[in-house]
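Descriptive analysis of the structure
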Amino acid sequence: MDASLKKIADPTLAEMGKNLKEAMKMLEDSQRKAEEENGKKITGDIPGPLQGRIQNIGEQGHIALLGHSLGAYISTLDKEKLRKLTTRILSDTTLWLCRIFRYENGCAYFHEEEREGLAKICRLAIHSRYEDFVVDGFNVLYNKKPVIYLSAAARPGLGQYLCNQLGLPFPCLCRVPCNTMFGSQHQMDVAFLEKLIKDDIDRGKLPLLLVANAGTAAVGHTDKIGRLKELCEQYGIWLHVEGVNLATLALGYVSSSVLAATKCDSMTLTPGPWLGLPAVPAVTLYKHDDPALTLVAGLTSNKPADKLRALPLWLSLQYLGLDGIVERIKHACQLSQRLQESLKKVNHIKILVEDELSSPVVVFRFCQELPGSDPVLKAIPVPNMAPSVVGRERHSCDALNRWLGEQLKQLVPASGLTVMDLEVEGVCIRFSPLMTAAVSGTRGEDVDQLVSCVQSRLPVLTCTLQLREEFKQEVTATAGLLHIDDPNWPGIGVVRYEHANDDKSSLKLDPEGEKIHAGLLKKLNELESDLTFKMGPEYKSMKSCIYVGMASDDVDISELVETIAVTAREIEENSRLLENMTEVVRKGIQEAQVQLQKANEERLLEEGVLRQIPVVGSVLNWFSPVQASQKGRTFNLTAGSLESTEHTYVYKVQGTGVTPPQTPSGTRTKPRLPGQKPFKRSLRGSDALSETSSVSHIEDLENMEHPSGGPEQVALETSSPELHPGAPTPQDAEQPGALQNRTQSPEDDRPQVEEPDSLR
C-alpha cells in the first residue's frame, strides 16, 4: 500500500493516504488487543438490539466500511480537488478490475443493487439500436418491439425487474428453455434460441439483448457462452453475462466456457461476497465507444457522489492486493473440489455438477435408487409416467433432503449451506464457498466435518425411507387408524386415530380427537423408545395427528402400529367410562334423594301426628320409645345401583357387593430381551449375537413366550370363584381326616372369626 501511495503526486491523495495509514495502525492495534483478550467479543459492548449480532468482518471488512465514512469527508472538499480525486479513484478501480478479470478496454459502472447494472445496459442497448428513441420515445418501440432473452435457469424475478425499470410490457421478455435431452438441464438450449430469434424477426420484432449465465443462481452451471456469442454477432444482439463462475477469471486456469465471457459486451461482478467485503458495490463492466449514449443510459455520471461509490472497493483492492484476491478465490474453488471428491465416495448421494473442474458450486441430494431401476432413465423426465408414483417418491426424498440440509446447517454452520427446491431434481443442498467462505471463514476441516456428518445421517435416511411404505400398509390395514400423506414430514409417517364420533367429512378442529391424541402422545413418549413422536394438525385440515419421527435402526412396524391403535382405543374407552360413570352417579344421587324423601314420609306415618308435637312428642317417646331402624342408601359403582344400608347397621359389616372385574389391558406387550427398547425387532436368527454372547436371554424369552403349563392349566387354577381360600378341595373331600388335620396344623396361626348370632 505504501508503494502505491508514493506514486500519487496529488497532495490530496497523499494526505488521504497518510490518514489511511493511521487508520490501519489503529485497526492493527485493535486487532492485537482482541487477540490478547483470547477472543473476547467486541460486540458485547454494543448496547441495544445490535449486541452480539455483528459478525467478525476482519481487517479488510473494516477497510471497506472505512471507505463509506471517508467518502463523506471527501465530499466536503472544494469542487476542483473533489473532481480530480474522484476521477482518479474511479479510473484506478476500473483499470484494476479489468486487468484482474481479463476484460480489456472496458468501462465500469458501480451500483448497490446487483440487477441495476443490467437495467442500465438494457437502456444502452435500446439507445444504440433505436436511433430515434430520444426524439420519438416509446413510439419507436411500438412499431418494432424489442425482445430480451432470458434463460429458464435465470434467477427469479429478473425479467419482471427489467420490465419495471424500462417500462416495457411483459411480452417483450422471451424465456429460453434449457436442454432436455442432451447436456446439462440448466444450460440454455442454443438451437431452440436460434429458432426463437428467427421467429421474432419474422414477426417484425427486434432481438435486443441476451442474458447468459456463467454459473446459474441455482446449481452454478455455465451456458455455452462461445456459441451464444457467435449467435449474437450474427443477429446483432447485445450479450450480457452474469454469475458466480466469473470469479474464476482471476485464476491462472480458467475453463473455456467461462473464458469466453471475456469477449461479451458486458458482465456483472459481485466482488463483495467473493472477497468477504461488506457494503461493497457490485460492478458492471461493459464496452462501448459512444460516451453520450452511456451518459444518457445512466452508466456514467458527472456527479462526484456517484464516482465515490468506488471508494470502498478502491481501498479494499489495495489492501488485499492481487495475490490476496487470487488466494481467496482459489481457496473457495479448492473447498468445492474437496467436497466433490469426498461426496463421490458416499453412497446414495447424487451430485449435480456440470464440470467438476470449473464449477465452484456443489449441489447434492440424497437419492436412494430402487433396485433394478436405471438412473439414466430416471434422470430424463417422462411425461407419460404415472404422476402418483413419481410424486410419491419425489415428496418422500424432498422431505428427507430438507431435513438433511437443516441438520447439516446446524452441525456445520461455517459451511454456509443453503437448501433449495429445483423444478426437476427437487430439494437439493447447495455449497457455494465463493459466496460464503470469505464471510463464514470456511476451512478444509469444515468440509471434512460436513462429509462425516452426511455419512452419519445416511443410515437414518435409508432406514426411514425403507420403512415408510410398510408403515403405510400397516396403518391402512388396521381398523380405527388413518394414514395421512404429509409431503413435508421427513419421518416414518403420520397417523390419525378415528374415534366413534369423528366426522370424517369435516375439516374443523375436533376437541375430542385432540384430547385422545394428546393422551396417546403422552403414552408413546413414556415408552422411552428411540422413535420421536409429535402431535400437530393434519396437512390439509385442523384435526390432530401423531407424527412418527425418523428411525435409526430396524423397527418393528407391526408392533408400533398395534401399540398406537390399542393405546388410542384404551384412552377412548376410559374417557367414555368416565363420562358414563358421571352420568350414572348423577342419576343415582337423584334417585337416592327421592327414596330418602319417600322413606321419611313413611316414617312420619308410622310414628303418628302426636309424636311430631314438640312437648307431647317427647313425653310420648319417653313412655313408649319407637324402635326405628336407621335406613340409608349406598351406591354400588360396579353394579350401578342403589342399595340399602340396613344390612350394614344390623350386622355391623359393610357389604362387599359384586367384585369388580379386572380392567382388561389391550396392549399386548411383546417380550423383550434385557436392555432392548420398544419397537425393536428380535435379534433371533440374525448375526447380532456374537460367539461370546449369552444364550440364556434367548431361552428366557422363549420360556416367556411358551409357558410350560399351557393356557389350560392356568384356566383351571383360576376358574374356581366358588371356593373360599379356607374351603376344602375335592381331594380333601375324599379324605375324612384331612379337614381335621388342617385345622389342627401348627403352621396355621390365623385367628378364627366367629360369625354373628344373626348369621347363624
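On a predicted model such as this, the values are computed, not experimentally measured, just so you know.

Some details on helix 4 (residues 79-100)
- Here helix 4 is 22 residues long and its end C-alpha atoms lie 32 Å apart, about the 32 Å a rise of 1.5 Å per residue gives.
- Here helix 4 has its buried residues at Leu82, Leu85, Thr86, Ile89, Asp92, Thr93, Thr94, Leu97, Cys98 and Ile100.
- Positive backbone phi, approximately 60°, marks Arg102, located one or two places after helix 4.

Brief notes about the packing of aromatic side chains
- Inspection of the entire model under this criterion finds four aromatic pairs.
- A ring pair is formed by Phe101 and Trp274, whose centres lie 5.9 Å apart and whose planes are at 55°; its orientation type is tilted. One end of the pair, Phe101, is in the loop between helix 4 and strand 1 (107-111); the other, Trp274, is in helix 12 (residues 271-275), and 173 residues separate them in sequence.
- Here Phe101 falls in the buried class, since its relative accessible area comes to 4%.
- Over the face of the ring belonging to Tyr161 we find Arg115, whose NZ or CZ atom lies 4.2 Å from the ring centre.

What about the sheet that holds strand 7 (residues 282-286)?
- With mixed pairing, the seven strands of this open sheet are ordered in space as 1-7-6-5-4-2-3. This sheet does not close on itself; its edge strands, each paired only once, are strand 1 and strand 3 (173-176). Each adjacent strand pair in this sheet contributes to an overall mean axis angle of 20°, direction not counted.
- Pairing geometry for strand 4 (residues 206-213) and strand 5 (residues 238-242), over five bridges, is parallel.

What to know about the packing of helix 5 (residues 116-129) against helix 8 (residues 158-166)
- Across the interface, helix 5 lies against helix 8 with an axial gap of 10 Å and an inter-helix angle of 55°. Overall, the two elements helix 5 and helix 8 adopt an arrangement that is oblique. You can see that helix 5 and helix 8 cross each other, and the crossing is right-handed. From helix 5, Glu116, Leu118, Ala119, Cys122 and Arg123 reach across to helix 8, where they touch Leu158, Tyr161, Leu162, Gln165 and Leu166.
- Of the residues in the contact of helix 5 with helix 8, the class split is seven nonpolar, one polar and two charged.

With respect to the pattern of salt bridges
- Scanning the entire structure with this criterion turns up 16 salt bridges.
- Residue Glu194 is joined to Arg227 by a salt bridge in which the shortest nitrogen-to-oxygen separation is 3.7 Å. Of this pair, Glu194 sits in helix 9 (residues 190-202) while Arg227 sits in helix 10 (residues 225-235), and the two are 33 residues apart along the sequence.
- Two residues, Glu233 and Lys229, come together in a salt bridge whose shortest N-O distance is 3.9 Å. Residue Glu233 and its partner Lys229 are both found in helix 10; the two are separated by four residues, about one turn of the helix.
- On the accessibility criterion, Glu233 (57% relative accessible area) is exposed.
- Bridged by salt links that share partners, the residues Glu114, Arg155 and Glu242 form one connected network.

Cut-off values and rules
All residue numbers refer to positions counted from 1 along the written sequence of the respective chain. With pLDDT at 70 or above as the cut-off, local features in this predicted model cover only qualifying residues; side-chain atom pairs require 80 or more to be listed or tallied, and sums for whole chains, interfaces and linings still use all residues. Side-chain figures throughout are based on the complete set of non-hydrogen atoms in the structure, without hydrogens or water. In this text, helices come from DSSP runs of H or I with a minimum length of four residues, and strands from runs of E with a minimum of two, each type numbered from the N-terminal end. Helix span, expected: 1.5 Å multiplied by one less than the number of residues in the helix. Each residue is assigned to one of three classes by its accessible area relative to the maximum for its type, calculated with a 1.4 Å probe on protein chains only: buried under 20%, partly exposed between the two thresholds, exposed over 50%. In this scheme Phe, Tyr and Trp rings, the latter by its six-membered ring, pair at centre separations within 6.5 Å, and the angle between planes marks the pair as stacked below 30 degrees, edge-to-face above 60, and tilted otherwise. The rule is short: NZ of Lys or CZ of Arg within 6 Å of the ring centre and within 35 degrees of the ring normal puts a charge over the ring. Two strands pair under a simple rule: DSSP has to find at least two bridges between them. Note on definitions: angles span 0 to 180 degrees between N-to-C directions of axes, and those axes are lines fitted to C-alpha atoms, for helices only across the stretch in contact. By the definition adopted for this analysis, an angle is roughly parallel if under 35 degrees, roughly antiparallel if over 145, roughly perpendicular if from 65 to 115, and oblique otherwise. Working rule for handedness: look at the near helix, and if it is turned counterclockwise from the far one by less than a right angle, call the crossing left-handed; if clockwise, right-handed. Contacts are assigned to residue pairs with any non-hydrogen atoms lying within 4.5 Å of each other. Ten residues, namely Ala, Val, Leu, Ile, Met, Phe, Trp, Tyr, Cys and Pro, are considered nonpolar, four, namely Asp, Glu, Lys and Arg, are considered charged, and the remaining ones, Gly among them, are considered polar. Think of a salt bridge as a Lys or Arg side-chain nitrogen and an Asp or Glu carboxyl oxygen that are within 4 Å of each other.

Interpretation in functional terms is not warranted from these geometric data alone.
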